[in-house]
Amino acid sequence: MAGWPRGFSLESVTPAQREAAAASELRRLGADLRAIVSDGLRTIEADTAAATARPRALLLNARLRPLVASRSLSSGSPAGAGG
């Protein structure tokens, strides 16, 4: 068992001590697992945001292009001429 001295006999440990040691180890493992899962989720979210940023920008440009063109046609000035 982790945390017990080398050469320690398990037979000399009471059931309550074994249960307390097992509960402590489970709490530690649970905390470690939560940290691992949380880090993994942050990585997935960051990767997803990076992967969707370019298509989102392309889609936005594709939607705005007709609006800019129609505005420039209705105002009689070329797009980007400030007016």
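Below or above, wherever it landed, is the structure these notes cover. (Residues numbered from 1 in each chain as written. Predicted model: local features only at pLDDT ≥ 70, side-chain atom pairs only at ≥ 80, totals over all residues. Heavy atoms only, no water.)

Remarks on the pattern of salt bridges
Argument step 1. Inspection of every chain in the model, using the stated rule, returns three salt bridges.
Argument step 2. In this structure, Arg-28 engages Glu-25 in a salt bridge whose closest nitrogen and oxygen atoms are separated by 2.6 Å. A residue pair is termed a helical-turn pair when its members lie 3 or 4 positions apart in one helix, as Arg-28 and Glu-25 do in helix H1 (residues 15–75) at three residues.
Argument step 3. Under the relative-accessibility criterion, Arg-28 is labelled partly exposed at 42%.
Argument step 4. Among the residues examined, Glu-25 registers a relative accessible area of 27% and is labelled partly exposed.
Argument step 5. Between Arg-42 and Asp-39 there is a salt bridge whose closest N-O contact spans 2.4 Å. Placement of both Arg-42 and Asp-39 in helix H1 is noted, with a separation of three residues, approximately one turn of the helix.
Argument step 6. Residues participating in the shared-partner salt-bridge network are Glu-25, Arg-28 and Asp-32. (Salt bridge = Lys/Arg side-chain N within 4 Å of Asp/Glu carboxyl O. Helix = DSSP H or I, 4+ residues; strand = E, 2+ residues; numbered from the N terminus. Buried < 20%, exposed > 50% of the residue type's maximum accessible area, 1.4 Å probe, protein only.)

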